[in-house]
Amino acid sequence: MPYIIETEKLNLFYGDFQAIINVNLKVSKNTITALIGPSGCGKSTLLRIFNRMNDLIDGVKTTGSVKFDGKEILGEDVDLINLRKRIGMVFQRPNPFPLSVFENVVYGLRVHGEKRRDVLDEAVFKSLSSVLLYDDLKDKLSVNALTLSLEQQQRLCIARLIAVTPDVLLMDEPCSALDPVSTMRIEELMAELKKEYTIIIVTHNMQQAARVSGECGFMLLGELVEFSNTKQIFTAPKDKRTDEYITGRYG
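My aim in this report is to walk through the structure given alongside it, one point at a time. If you're wondering where the values come from, they're calculated on a predicted model, not measured in any experiment. (Residues numbered from 1 in each chain as written. Predicted model: local features only at pLDDT ≥ 70, side-chain atom pairs only at ≥ 80, totals over all residues. Heavy atoms only, no water.)

## Brief notes about the packing of aromatic side chains
A full pass over the atoms with the stated rule returns three aromatic pairs. Geometrically, the ring pair formed by Phe 97 and Tyr 107 is tilted, given 4.5 Å between the ring centres and 50° between the ring planes. Of the two residues, Phe 97 is situated in the loop between β6 (87-90) and α3 (101-111) and Tyr 107 in helix α3; the sequence distance between them amounts to ten residues. Among the residues examined, Tyr 107 registers a relative accessible area of 38% and is labelled partly exposed. The interplanar angle of 85° and the centroid separation of 4.9 Å between the aromatic rings of Phe 125 and Tyr 134 together place this pair among those described as edge-to-face. (Phe/Tyr/Trp six-rings, centres within 6.5 Å; stacked < 30°, edge-to-face > 60°. Helix = DSSP H or I, 4+ residues; strand = E, 2+ residues; numbered from the N terminus. Buried < 20%, exposed > 50% of the residue type's maximum accessible area, 1.4 Å probe, protein only.)

## Re helix α7 (residues 180-193)
Between its first and last C-alpha atoms α7 spans 20 Å; for 14 residues at 1.5 Å apiece the expected length is 20 Å, and the two agree. Buried within α7 are the following residues: Ser 182, Thr 183, Ile 186, Glu 187, Leu 189, Met 190 and Leu 193. One face of α7 carries all of its buried residues, which in axial projection span an arc of 160°. If you follow the buried residues of α7, they end up packed against β3 (32-36), α4 (117-130), α6 (150-162), β7 (168-172), β8 (198-202) and α8 (206-212). The backbone nitrogen of Val 181 has a side-chain oxygen 3.0 Å away, supplied by the residue at the start of α7, namely Asp 179. (Expected span 1.5 Å × (residues − 1). Arc of directions from axis to C-beta. Contact = heavy atoms within 4.5 Å. Polar contact = N/O pair within 3.5 Å; in protein donor to acceptor, adjacent residues only side chain to side chain.)

## With respect to the pattern of salt bridges
Scanning all chains against the criterion turns up 14 salt bridges. Residue Arg 52 pairs with Asp 55 through a salt bridge whose shortest N-O separation is 2.6 Å. Arg 241 serves as the salt-bridge partner of Asp 239, at 3.0 Å between the closest nitrogen and oxygen. What emerges from the salt-bridge pattern is a single network uniting Lys 29, Asp 69, Arg 86 and Asp 167. (Salt bridge = Lys/Arg side-chain N within 4 Å of Asp/Glu carboxyl O.)

## Re the sheet that holds strand β10 (residues 223-229)
Sheet architecture is open: six strands sit in the order β6-β7-β8-β3-β9-β10, paired in mixed fashion. A strand with exactly one partner marks an edge of an open sheet, and here the two such strands are β6 and β10. Sheet twist, expressed as the mean angle between neighbouring strand axes with direction ignored, is 20°. Two elements, β6 and β7, share four bridges in a ladder whose sense is parallel. Bridge assignment links Gly 88 to a residue of β7, and that residue is Leu 169. (Pairing = 2+ DSSP bridges. Axes fitted to C-alpha atoms, helices over the stretch in contact; angles between N-to-C directions.)

## Quick word on the side chain of Thr 203
Residue placement: Thr 203 occurs in the loop between β8 and α8. For Thr 203, the side chain forms a polar contact with the main-chain nitrogen of Asn 205, separated by 2.9 Å. With residues up to four places along the chain from it excluded, the contact list for Thr 203 reads Leu 35, Ile 36, Lys 43, Glu 173, Gln 208 and Ala 209.

## Some thoughts on the pairing of strand β2 (residues 17-28)
Bridge analysis of strand β1 (residues 3-14) against β2 gives eight bridges, and the strand direction is antiparallel. The residue bridging Tyr 3 from the neighbouring strand is Ser 28, located in β2. Counting the residues between successive antiparallel strands, the hairpin from β1 to β2 contains two residues, one of them, Gly 15, with a positive phi of roughly 65°.

## Concerning the environment of Met 53
Inspection of the secondary structure puts Met 53 in the loop between α1 (43-49) and β4 (60-68). Considered as a pair, Met 53 and Leu 80 are 27 residues apart in the sequence and their alpha carbons are 9.3 Å apart. When neighbours within four sequence positions are excluded, Met 53 is seen to be in contact with Arg 48, Arg 84, Met 89 and Phe 91.

## Considerations on the sheet that holds β1
Pairing is antiparallel across the open sheet formed by four strands, whose spatial order is β2-β1-β4-β5. Every interior strand has two partners, whereas the edge strands, β2 and β5 (71-72), have only one.

Put into structure tokens, the structure is as follows:
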């Protein structure tokens, strides 16, 4: 199975504090990979390494190797704009821009210089259709995105990423602000999106990880303790610490 992201001896420091410790990980294409573990274990930090979002924080130092599509991405010569185009991120709370639905979807395309109306229109149709929003919003494209429901806003944020044709979608607890019904719908959407994209999701919800992911990693105190197919992680973990977390004995 081809790997789209591979890390080797990956470490990250916030000043003197080591937040990621010697992580070796291989992420398969067109799968949903879940990262689980207690709060503060490094899940979100690891996720942000994959599109260099941690670079925006003063005092961060990253060592080791991260290869995306076979190419090292931690070097100084990496085109970060292109990297973040190919590896997009969805955050805990929906963060649509205070613009129309249409302008939210095409925002990234405009940043990259696209001005042709027919191209923008096609991107809006395809992207909103991909997140099952087009029928609901086709007559509301000029409406301010902030007036949408939280679930619609989160779908719109995913559509905004899809519009620039990424390879990987990073999702940092994308359902934490949503009610159970909306969460279920976003999970169903993820199952559809993995046909076209690779998804890496950080979640505090172990049931969600078990439902949606094909592969799963358990993190603790900055270490990737165990990584395997999700069924094994949840039914026959090899590490005692994983078993203790899965069974609720701590965390």
